[in-house]
Each structure stands twice: as structure tokens, then as C-alpha cells.
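Overview (structure and organization)
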Amino acid sequence: MTTAVTTAPAAPVARETAGVREWVRRAGALSPVLAVIALLLVPGGGGAQGGTGGTGTVADAASGLLVVICLVRVLRGGARPLTRAAAVVLGLPVLGICLAAITSNDPAASLPGVARYVQIFVLVPAAVLLTIRDRRDFAVVAWGLVSFALLQGAVGVVQYLTGTGASYQGEDIRAVGTFGATDVMGMATVVAYGMVVAAGIALGSAPGRTRTAALVCACLLFVPLVLSFSRGAWIATVLACGIQLLLSGPRRAARVALAAGALGVVLVGGLGIGSAMVKERVASITQVAAAPDQSVTDRYTMWAAAGRMWRSEPVTGVGLKGFPAYRDSNASLALSSGSDTAGAGAGFARQPLLSPHNMYLLVLSEQGLVGLLALAGSWVALLVGALRRWRLGADCALVAAGLLAWQLIDFFYADIGGPSTVLMSVVLGLAAWWALAEVRRA
């Protein structure tokens, strides 16, 4: 008498194995994009130059290789790589960039700025858009951002606990990750990106396990974001996540807001994670008009200087990389000579203030009204495109809209500069895929 042999339990294992192989295959196809993210772990020289200053990091080189690989794929494919709308939206910034370089008083000095702007706002986002093929590719890159943020955040928390971070109020406790004291916004930006992505996935239509994992990641990233002591990143993250919550539904927004408030009270008030300094830093946000510190005074002074530059050349600006050259002749005596940096393995240094720390005013002063309308118009078009595709998939829409909202808000307090800038181009490319590529309904 023979006995039947059942093989049913092997089916789930086979499906799981196939799923792992699929993720590995996709990660291989997306390796040029993921390499740009991963190579940001390699320290770069030059610090956060600000403005159009490039840093020449390994990640920047990887972004150039990504563009070359994408170009080769397009030439081999023979098909039109971008839709007409995508070509217009991504190519629009080139108009203001080139016009500002041509009309500059020193065109030769503006050429590095042309290369940097085209790299960050045109070529790399277009390459990322063309590399991503579908929602699963989108998810791989999104989780790559979250993973990198968790790694940088873990380094930042260790820096705070061991007193090996950047200097803040005389103590080496500021979490800066692997970016160092000369780019204190680097880790804050990366962690904020990861938190916004995780929040979008948790609020979206992904499976239960995925949403739970994303929620856990968002909660973990909250800690290093607080320890970064970056007021601009705090404001942008709160507003971006608030926008995501409102888009996901008012009832859910209310519940999550209460939970987030409780988490903040427990971590900062109950466990005392940087409580005194965090409270002081938060309070300083509301004191920028009444009793601003020197960093805020410097920022206001440079904003006013950027406005004067624009009024002198309202259409095309003073030229790319022109802000440092025209700064002293347009700034008041309230501007200090630079900001102090120390800690995180580096000695004391005085870092010059080479940009207004406001992307809109930087573009307005260097590229004029034409440049600002072209560049900001491209960003707004991406945001509108991401929101219009809400019905095609809530998870991707929340991630893309959240990242774009965060960036547009953060640009009121920061501009391009430093090693982390190249990651912004990857983020713009990720959002551009959802806003401009041909996407099927989920």
C-alpha cells in the first residue's frame, strides 16, 4: 500500500524565495541609484560650501556614472526616453541657469555653477526617473533611503551619547552622522528624508507588515532628528508629515498627531533625550524676531543682501556663484565673518558664509526672476503632478508629495551645498518618476 506525499508546505517557501530573488534582481538593476545613496557614507572634503559650490565627493562621481549608464541604456533602447511633459518640467531649469551664466559679469567663474545646477536639478533626477521602471523599483529606492537614514541616525545617536558629535553650546553632542562638523545639516536632511518616506509608506495602502515596519522606522528616526538640533529640519519635517496626514484623512491625522505628541513627551520629557537643550532650541524658533541669536542675525543679513543683489539685476541676477563676490558690498555690518565649527573628529574652524541659506533668495540673487520662475516652476509642477496621481496609488503619492513638500519648505532655511546635496537629486528623481512617468493604476 502506498502513501501519498504532500508538498503543500513548500509552496509558501517557494514564493518567499522567489520574492527574495526578485528583490535582489531589482536591486541589481537599480544599483547605480543605490550606489549614489550608499557612497554618501564615504567622507568628502570641502564641507558644506553652500550655494553652487561642489564638493567632489565619491557620491558625486557615482551620480555622474549613473547619468552615463542611463544615457547608454537610452541610446541602446532607441525609444524616446521621456514624455514631452517630463522633458519640459525637468528641462525648464536649464533656461534660467544658462541665461544667468551668459549674462554674468564673469562667465568663466559661473561655469562650475552651471555644471552643479544641471547635475542636481536636471541630469540626476532624469536619470533616476528613467532607471525606475515600476512601483516595486520605487519601493526599493524608497526603502534604500530609509535604510541609509537609519544608519546615519544610529551613528548620530552614538555621537550624542558618547560626546563625539559636533560642537553645540560648548559640548560635542550634536548628531551629524558621517557628514562631520562642516555639514551639520547633512544627517538631519538624510534622517528627515527617511522619516518622511517611512511616514508615507505607513499611511499608504501597503500591506500590514510593510506599514508596521515603516511606522517603527519613522519612530526610530525621530530620535536622531531631535538630536540634530536643526530647527529648519524640524519645521520642514513636522509640516511635511502633517501634509501627509491630512492627505491620508482627517481622522487618521488626529489619531497620529496625538500618538506623535505622546511619543515626543515620552522621549524628550520622560526619558530626557536632550530635554533642556531641545526645549531651548524649540523656544528659539519663536524668538527669531524678538531676540535672535547670531546665526539668525547672519541669516537675516544675508537674506537682505540677496534682495539687494536682485534689485540691482532683477531679470538675470548677478550670475551663478556670484553671491560670495557681491556679499560684502550688499551686506550690513551685522554680518559676522563666519560660523564656528568643531567636534566630530575635526578641530575648531571658521566656516565662511558663502550663501544666504535660502534657496529661493539664492536663485533670485544669482539667476534673477527668470531663473527663480524656471526652477521653482519645475518643483511646483512636480508637486502638482504627484498630487494629481493620488488615485493611482496612495503610498507612492504620499511618499512623493511628502518629499517634495519637505524640500520646498526646507528651501526657506537652506540651499544646496555639501555632500548631502547629491541625495536631494535622487529624491527629486524619485518624486519625478511618480509625477511624470507612465504609471498604471494599483
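Here we summarise the structure given alongside this text. What you see is a predicted model; the values in this text were computed from it and never measured. Once a new chain begins, its residue numbering starts again from 1 and follows that chain's sequence as written. At least 70 in pLDDT is required for a residue's local features to be given in this predicted model, at least 80 for side-chain atom pairs to be given and counted, and no such filter applies to totals for whole chains, interfaces and linings, which use all residues. The basis for every side-chain value is the complete set of non-hydrogen atoms in the structure, without hydrogens or water.

1. Thoughts on the overall build of the protein
The way it works is that DSSP assigns letters per residue, a run of H or I at least four long becomes a helix, a run of E at least two long becomes a strand, and they are numbered from the N terminus. Assigned secondary structure in the protein consists of 16 helices and four strands. Exposure classes here rest on a 1.4 Å probe applied to the protein chains alone. A residue is buried below 20% of its type maximum, exposed above 50%, and partly exposed in between. A buried classification covers 50% of the 442 residues belonging to the protein.

2. Things to note about the pattern of salt bridges
For this document, the term salt bridge refers to a Lys or Arg side-chain nitrogen within 4 Å of an Asp or Glu carboxyl oxygen. Under the defined criterion, the tally for this structure stands at two salt bridges. Note that Asp60 and Arg116 form a salt bridge whose closest N and O atoms lie 2.9 Å from each other. A residue pair is termed long-range when its members are at least 10 positions apart, and Asp60 in helix 3 (residues 58–77) and Arg116 in helix 5 (residues 107–131) qualify at 56 residues. Both residues of the pair, Asp60 and Arg116, count as buried. Arg133 serves as the salt-bridge partner of Asp137, at 2.7 Å between the closest nitrogen and oxygen. By relative accessible area, Arg133 is classed as partly exposed at 43%.

3. Section: the pairing of strand 2 (residues 171–174)
One requirement defines pairing of two strands: DSSP has to find at least two bridges between them. Sheet topology places strand 1 (residues 166–168) next to strand 2; three bridges connect them, and they run antiparallel. The partner of Ala166 across the bridge, within strand 2, is Arg174. From the end of strand 1 to the start of strand 2, which pair antiparallel, there are two residues, and Gln169 there has a positive phi angle of about 55°.

4. Looking at a nonpolar patch on the surface
A cluster of nonpolar side chains, contributed by Leu65, Val68 and Val72, occupies part of the molecular surface with about 260 Å² of accessible area. Checked against the element boundaries, Leu65 lands in helix 3. Within this analysis, patches are made of residues with over 30% relative accessible area and no salt bridge. Like charges are joined at 9 Å or less; nonpolar side chains (Val, Leu, Ile, Met, Phe, Trp, Tyr) at 5 Å or less. Reported accessibility uses the Shrake-Rupley method at a 1.4 Å probe radius. Residues are deemed covered only where the shown protein chains occlude them.

Bear in mind that shape data such as this cannot, by itself, settle questions of function.
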